[in-house]
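Chain by chain, the residues:
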Amino acid sequence: MKTLFAASEIFPHAKSGGLADVAGTLPKYLSKELDVSCVMPLYGFMQNSSLKKEDLAFSVYLGGVDYEVEIFSSLSDGVKIYFVHAPMLSHTQSLYGDENGDFSNNDLRFGIFCASIVELAQKLQIELLHLNDWHTALVPLMVQEKNLDIKTVFSIHNLAYQGVFDISSLSRLGIDEKYFTMEGIEFYGSVNFMKAGIAYSDVITTVSPRYAKEILTSRFGCGLEGFLKHHSKKLFGILNGIDVSTFNPHADDDLEYNYDGKNLEDKYLNKKGLVKKLGLKDPRIPLFVMVSRLVHQKGFDLLLESIKPMLKKRLNLLILVEGASGYRQKLEEVADKHDNFCMLYGYNEKLSHQVYAAGDFLLMPSLFEPCGLNQMIAMRYATVPVVHAVGGLYDSVHEDKEECGRGIVFTKASKKAFMDAIERALELKRNKKKMDELIRFNMACDFSFEKSAKSYVELYKNTVC
């Protein structure tokens, strides 16, 4: 089965969040059973000197304008990745926006990308397209409009980001007004890319079984819960995994000391070194860490509400964050007044590995979390997750049963519930035998994409047959 996996970001070429990690890992596992390749935009900040220029140039026609497209490629772990170079799409120095907000022409940028995916799929004789998030969501509509014999699977990684644009997008993109209905891409008078993926794909997936249920409710549906209920017969939830070769404390070149379940004392040496380097207090006390974007979704209001009483306890708190928001200033003000709290601003892949390795506990107080990968990475690095039981966190972290993986779980996004969870974590840390048993249990869990890939392959085959 010839499959093309399309995403707006693929690690290590471009990354803003978990989508890139999934797109950089899942196809490697799929390739064990399928003929799979990938496609993403070639952004202006990416180096193309090492890429091969393919003899696949073409133009896409949108809204009365021809846009010239060039295709480049590279090979990663046996999987071919195609890069779309096109006007506007490829001229930016970031993925979706800058300090002034989202780029105003994102509808056209990713409309060109979607049209390019469809054209490339035809040239490669693709049988199935796996599309990810709103940036690729117009593809099923375009496939239907062209009456192509290509099946489409559309994955929702985060329903909060839907690609909503002014009605003028219809003419810019050359989309027939027959699609601008409640049953199609209309959304309160605007054009909604996400709705195109939901309405016109053959199959919809989300990144965890729990999230597949949550998005059918008003609490998590982001205004699309009724629309998703209408299409729920083709909706499936498959839990993500991580690249266990990249996230492997036993062989991670980013760590000063490598370790596994048999020599956890070397994990402490990583913690000791980082705590000393950052000027935090005694490395022997529990270290809580957080690796996150500074957005409301990630629970920063709850953290700010709880942080002062938390820092009165005998612990250190280290957070590695990125993103422009008012949270940064508030957190910096707290950090200035406490010697057991350090905030590192600006995402750094190497540093994130060091933070995971140093931590005793990882905080994930997310208000919603479609899947989450951080909790799985943390457990690989012998760091116990403290999570709010939503989405993929509900599916992958358990406190009262011995399932992969184990951690501290709170079920209500309140200060009391969060602080109670912190106290249970501190109690666990005081019980070295129990803590070590839990850590070793987690390190033995399989958080790879092996199981997920098998579920996707089965889904693909059922879709094509």
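Here the residue numbering is sequential within each chain, running from 1 through the sequence in written order. This being a predicted model, a pLDDT of at least 70 is required before a residue's local features are given, and a value of 80 or more before pairs of side-chain atoms are given or counted; all residues contribute to the totals for chains, interfaces and linings. In computing side-chain values, all of the structure's heavy atoms are included and hydrogens and water are not.

Chemist: How should the sheet that holds strand S17 (residues 316-322) be read in this particular structure?
Modeler: As a general point, the strands of a sheet are linked pairwise by backbone hydrogen bonds and lie either parallel or antiparallel. Strand pairing is assigned whenever DSSP identifies at least 2 bridges connecting the two strands. Numbered from the N terminus, helices here are DSSP runs of H or I no shorter than four residues, and strands are runs of E no shorter than two. Pairing within the open sheet is parallel, and its six strands lie in the order S18-S17-S16-S19-S20-S21. Strands at the two margins of the open sheet, each flanked by one partner only, are strand S18 (341-345) and strand S21 (408-410). Each strand of the sheet is rotated relative to its neighbour by a mean of 20 degrees, with strand direction disregarded. Both strand S16 (residues 287-293) and strand S19 (residues 361-364) contribute to a ladder of two bridges, which runs parallel. Each residue of the ladder has a partner; that of phenylalanine 288, found in S19, is phenylalanine 361. Every axis corresponds to a line fitted to the C-alpha atoms, with the helix fit spanning only the stretch in contact, and the corresponding angles, defined between N-to-C directions, vary from 0 to 180 degrees.

Chemist: Teacher, can you tell me more about the environment of leucine 19 here?
Modeler: Residue placement: leucine 19 occurs in helix H1 (residues 18-30). Burial classification: accessible surface area is computed with a 1.4 Å probe over protein chains only, and a residue below 20% of its type maximum counts as buried, one above 50% as exposed, and the rest as partly exposed. We classify leucine 19 as buried; its relative accessible area is 9%. In this structure the C-alpha to C-alpha distance between leucine 19 and alanine 121, which are 102 residues apart in sequence, comes to 21 Å. What leucine 19 contacts, discounting residues up to four positions off in sequence, is Ala7, Ser8, Glu9, Asn132, Asp133 and His157. Any pair of residues with heavy atoms lying within 4.5 Å of one another is described as a contacting pair.

Chemist: Would you take a moment to explain the side chain of serine 74 for this structure?
Modeler: With respect to the helices, strands and loops of the structure, serine 74 is situated in strand S5 (residues 65-76). Residue serine 74 is classed as buried on the basis of its relative accessible area, which comes to 17%. The residues touching serine 74, leaving out its near neighbours within four places in the chain, are His13, Leu51, Val79, Lys80, Ile81 and Phe83.

Chemist: Could you clarify how one ought to interpret the sheet that holds strand S11 (residues 164-165) in this entry?
Modeler: Spatially, the three strands line up as an open sheet ordered S11-S13-S12, and their pairing is antiparallel. Looking at strand neighbours, the two that pair on one side only are S11 and strand S12 (186-187), the edges of this open sheet. As paired strands, S11 and strand S13 (residues 190-192) are joined by two bridges and run antiparallel to one another. Along S13, the bridge assignment pairs phenylalanine 165 with valine 191. Packing against the sheet, helix H5 (residues 193-200) makes contact with S11, S12 and S13, and its axis sits at approximately 50 degrees to S13.

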